[in-house]
Amino acid sequence: MPGNQPMNSKVLTVREATLGVLRSFGVDRVFGNPGSTELAFLGDWPDDIDYVLGLQEGCVVGMADGYAQATGRPAFVNLHSAAGLGHALGNLFTAFRNKTPMVVTAGQQARSLLRMRPYLFAEDAEQFPRPYVKWSSEPARAEDVPAAIAQAFLTAMQHPRGPTFVSVPSDDWARAAVAPPVRHIATEFAPDPAAIVRLGAAIAAASKPAFVVGPEIDRNGCVDAMVAVAEQARAAVWASPMSSRSSFPELHPQFAGFLPAAPGGLARALRGVDLIVVVGAPMFTFHVEGQCELLDDGTPVWQITDDPAEAAAAAVGDTIISTLPKALVALRSALPDIATREMPAAQTRPAAPAAQNPIPPAYALSRLSALMPRDAIVVEEAPSHRPAIQQFLPRPGADSFYTMASGGLGYSLPASIGVALARPGRRIVALIGDGSAMYCIQAIWTAAQRRLPITFVIMNNSGYGAMRAFSQLMQAHRPPGIDLPGLDFVALARGHGCPGRRITDVADLDRCLAEALASGGPALVDIAVDDATTDLFNHPR
């Protein structure tokens, strides 16, 4: 029996105590890909926890990420030893940048073998996923495993949220342990009242203020609160560069557009603004280098974030550290009456693109927007088409759009499965580039097995379109490895149990999209779009 246990504690196995920990944190699904070092945990699996199988560990973490993002609850992931964790690291990096609450466990070889460096041995296991987890541990004793997993949950849910990791030797699960006490941590924290008053006064004194809204607004369920603040301030609202969520209704008359991730383009978009307030985003996320006059000309900049690292990394301005629900309520109370300020001019919507062959991406997106249900959720990873997506597939705000914050491919296709599991009854549209799709294509199998209502739309320009754009921007002539001929996505989908159609003629587009959107289970539509290169960094509308 483990030492130092309370007198009345019931002795359990480590496995039994860990399952109790999962239930105490509301875990109803475990996302995993099994291996030999996990079998002692997985045997006689309980009926009340759904085991969601992914066919590769990157898929598993992507699915768990989408599920956690959509539910707001921590997801639990079970991977196989060092190799499985290694396969998952790309999407674990994305989970870290997405600030996704997630507990990842991986099997380790039996403790009695560790000093001999056995097969499947994870060397320095707790260091393996760092720095892209908030906390990691391989407990010193078997009886410490349940408490370590509980600590991982509590750490993952503290702001800024993110993934944590626990390595568990395979022979620990059958050892004796006691259940750790159920604990609750109040994770919300309020802003400094004096700083909020100063910010409210600055907004009131400005003649042309602008808000820059980031993904933390939607992640924290604050879109309505942000709309109320913006309307009260009568200020223009921009989406932050590379934002991974829709944090403001994009057809709202105060929505000004999407800031590019280029210093010069961002400065041009905000030219004439005399106060910038960044809410729930870094200040700023750039993808290419250049001079940002905005950071040098003395324009006042404020930031509200729950992330002290983002606050410290900001190049200029003042920062208020707070969770967003509390900050936005406080800011609205601090704003004086600004009814005399003229409302910013509403943006002109772009004209509908013309139908033609080869199919323009903008036309395909405009038809998808018109045909899909109003409450559909878009999970996107088509980076070369992002400007057209922003123009022709406007999202209504809360819980309507998900993508990766990291820039690493292979997230959104499996994430769409996690979102579908979290949002039963909603149509999910996984909008994926042909290059992106190949990173986790086997996730389609899970969607087919579970008959999830996901419409996989492949924007197929036969290559890495973003790389074509970058090669022009950086004057890298004729780089190799950009073209992707010969990929048959219909065959790939069917091989995983999902029906598919390829569209090469614009006359077939509406019918095929409508059929896929009405499907009771998953369906794939591979749209052959033209391969015109897009300017990714100078597109604020």
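Residues numbered from 1 in each chain as written. Predicted model: local features only at pLDDT ≥ 70, side-chain atom pairs only at ≥ 80, totals over all residues. Heavy atoms only, no water.

Trainee: Teacher, can you tell me more about the overall build of the protein here?
Mentor: Counting its regular elements, the protein contains 19 helices and 20 strands. For 541 residues, the compact-globule estimate of 2.2 N^0.38 gives 24 Å, and the protein sits close to it at 24 Å. Over its C-alpha atoms, taken along the principal directions, the protein stretches across nearly 70 × 60 × 45 Å. Burial analysis of the protein (541 residues in total) assigns 58% to the buried set. Sequence-distant contacts in the protein: of pairs separated by 6 or more residues, those separated by 24 or more amount to 77%. Accessible area of the protein: about 21600 Å², with a carbon and sulfur share of 53%. Here the protein contributes 43 positively and 50 negatively charged side chains, and the mean placements of these two sets differ by 3 Å. (Helix = DSSP H or I, 4+ residues; strand = E, 2+ residues; numbered from the N terminus. Rg over C-alpha atoms; globule rule 2.2 N^0.38 Å. Buried < 20%, exposed > 50% of the residue type's maximum accessible area, 1.4 Å probe, protein only. Contact = heavy atoms within 4.5 Å. Areas by Shrake-Rupley, 256 points an atom, 1.4 Å probe, with all protein chains shown as cover. Lys, Arg positive; Asp, Glu negative; His and termini not counted. Charge placed at Lys NZ, Arg CZ, Asp CG, Glu CD.)

Trainee: Sorry if this is basic, but what is going on with the packing of aromatic side chains here?
Mentor: Aromatic ring pairs are reported here in terms of the distance separating the ring centres and the angle at which the planes meet. Evaluation of the coordinates by the stated rule reveals 12 aromatic pairs. Ring centres of Phe248 and Phe255 lie 6.4 Å apart, and the angle between their planes is 20°; on these two criteria the pair is classed as stacked. Their ring planes at 75° and their centres at 5.2 Å tell us that Phe255 and Phe258 sit as a pair that is edge-to-face. When its relative accessible area of 3% is taken as the criterion, Phe255 is described as buried. In this structure an aromatic cluster arises from ring pairing among Phe25, Phe41, Trp45, Tyr51, Phe76, Phe153 and Trp173. (Phe/Tyr/Trp six-rings, centres within 6.5 Å; stacked < 30°, edge-to-face > 60°.)

Trainee: Just to check I follow, could you spell out the nonpolar core for this structure?
Mentor: Ranked by internal contacts, the top residues of the largest apolar core, which has 51 residues, are Phe31, Val77, Leu79, Ile454 and Phe456. With eight residues, the single largest contributor to this core is helix H3 (residues 57-71). When near neighbours in sequence (up to four residues on either side) are disregarded, Leu79 contacts Asn33, Glu38, Glu57, Val60, Val61, Gly84, Leu85, Ala88, Val104, Thr105, Ala106 and Gly107. (Core = buried A, V, L, I, M, F, W, Y, C linked by side-chain atoms within 4.5 Å.)

Trainee: Would you explain the sheet that holds strand E3 (residues 50-53) in this entry?
Mentor: Backbone-to-backbone hydrogen bonds pair the strands of a sheet. The strands run either parallel or antiparallel. Read across the sheet, six strands follow the order E3-E2-E4-E5-E7-E6 without closing on themselves; strand pairing throughout is parallel. The two strands at the open ends of the sheet, each matched to only one other strand, are E3 and strand E6 (136-137). Where strand E2 (residues 29-32) and E3 come together, four bridges link them in parallel fashion. When the sheet's bridge partners are listed, Gly32 is paired in E3 with Leu53. Where helix H4 (residues 81-98) meets the sheet, it contacts strand E4 (75-79), strand E5 (102-108) and strand E7 (163-169), and its direction lies at approximately 165° from that of E5. (Pairing = 2+ DSSP bridges. Axes fitted to C-alpha atoms, helices over the stretch in contact; angles between N-to-C directions.)

Trainee: What should I look at first to understand helix H1 (residues 14-24) in this one?
Mentor: Side chains three or four residues apart in an α-helix point the same way, a direct result of the helix having 3.6 residues per turn. Of all the residues in H1, the buried ones are Val14, Arg15, Ala17, Thr18, Leu19, Val21 and Leu22. Its buried side turned inward, H1 meets strand E1 (11-13), E2, helix H2 (39-42), E4, helix H5 (145-156) and strand E8 (176-178). Positive backbone phi, approximately 75°, marks Gly26, located one or two places after H1.

Trainee: Looking at this structure, how should I read the packing of H3 against helix H14 (residues 412-422)?
Mentor: The relative placement of two packed helices is expressed as an angle between their axes plus a distance between the axes. At a closest axis distance of 6 Å, the pairing of H3 and H14 adopts a crossing angle of 40°. Viewed along their axes, H3 and H14 adopt a mutual orientation that is oblique. In this structure, H3 crosses over H14, and the sense of that crossing is right-handed. Contact residues: Cys59, Gly62, Met63, Gly66, Tyr67, Ala70 and Thr71 in H3; Pro414, Ala415, Ile417, Gly418, Val419, Leu421 and Ala422 in H14. Grouping the amino acids of the contact of H3 with H14 by side-chain chemistry returns 10 nonpolar, four polar and no charged. (Parallel < 35°, antiparallel > 145°, perpendicular 65-115°, else oblique. Left-handed = near helix turned anticlockwise from the far one by under 90°. Nonpolar A, V, L, I, M, F, W, Y, C, P; charged D, E, K, R; others polar.)

Trainee: I keep staring at the pairing of E5 and nothing clicks. Help me out?
Mentor: Counting buried positions along E5 yields seven of seven residues, so the element is predominantly enclosed. Of the two faces of E5, the one holding Met102, Val104, Ala106 and Gln108 and the one holding Val103, Thr105 and Gly107 are both buried throughout. In the sheet, E4 pairs with E5 via five bridges, with the strands oriented parallel. Within E5, the residue paired with Leu79 across the bridge is Ala106. Crossover connection from E4 via H4 to parallel E5: handedness right-handed. The pairing of E5 with E7 spans seven bridges and is parallel. If you follow Gln108 over to E7, its bridge partner there is Pro169. (Right-handed = clockwise from strand over helix to strand, strands pointing away.)

Trainee: Explain the side chain of Thr323 here, please?
Mentor: Along the polypeptide, Thr323 turns up in the loop between strand E14 (318-321) and helix H11 (324-334). Among the polar contacts listed, one links the side chain of Thr323 to the side chain of Glu188, at a separation of 2.7 Å. Setting aside residues no more than four positions away along its own chain, Thr323 makes contact with His159, Thr187, Glu188, Phe189 and Asp306. (Polar contact = N/O pair within 3.5 Å; in protein donor to acceptor, adjacent residues only side chain to side chain.)

Trainee: What is the right way to read the environment of Leu331 from this model?
Mentor: Looking at the element boundaries, Leu331 is found in helix H11. The class of Leu331 is buried, set by a relative accessible area of 0%. For the pair Leu331 and Val197, spaced 134 residues apart in sequence, the C-alpha separation works out to 7.7 Å. Ignoring any residue separated from it by four or fewer positions in sequence, one finds Leu331 in contact with Ile196, Leu199, Gly200, Ile203, Phe211, Val229 and Ile304.

Trainee: What is the right way to look at the state of the cysteines in this model?
Mentor: Such a bond, covalent and formed between the sulfur atoms of two cysteines, is termed a disulfide. Tallying each qualifying case throughout the model produces zero disulfides. Left without a disulfide partner, Cys440 is nearest to the cysteine sulfur of Cys59, which lies 3.7 Å away. Just so you know, Cys498 is unpaired, no disulfide at all, and the nearest cysteine sulfur is the one on Cys512, 14 Å from it. What makes Cys498 buried here is its relative accessible area of 1%. (Disulfide = S-S within 2.5 Å.)

Trainee: Sorry if this is basic, but what is going on with the side chain of Asp530 here?
Mentor: Within the element layout of this structure, Asp530 appears in the segment after strand E20 (523-528). A polar contact is formed between the side chain of Asp530 and the backbone nitrogen of Ala532, at a distance of 3.1 Å.

Trainee: Can you walk me through unusual backbone geometry in this structure?
Mentor: Glycine aside, a negative phi is what most residues show, and trans is what most peptide bonds show. The residue after Arg130, namely Pro131, is reached through a cis peptide bond having omega 10°. Locating Pro131 in the fold gives a position in the loop between E5 and E6. A cis amide bond links Asn357 with the next residue in sequence, Pro358, at an omega value of -10°. Secondary-structure assignment places Pro358 in the loop between H11 and helix H12 (361-371). Positive phi outside glycine occurs at Lys99, with the angle close to 55°. Looking at where Lys99 falls in the secondary structure, it is placed in the loop between H4 and E5.

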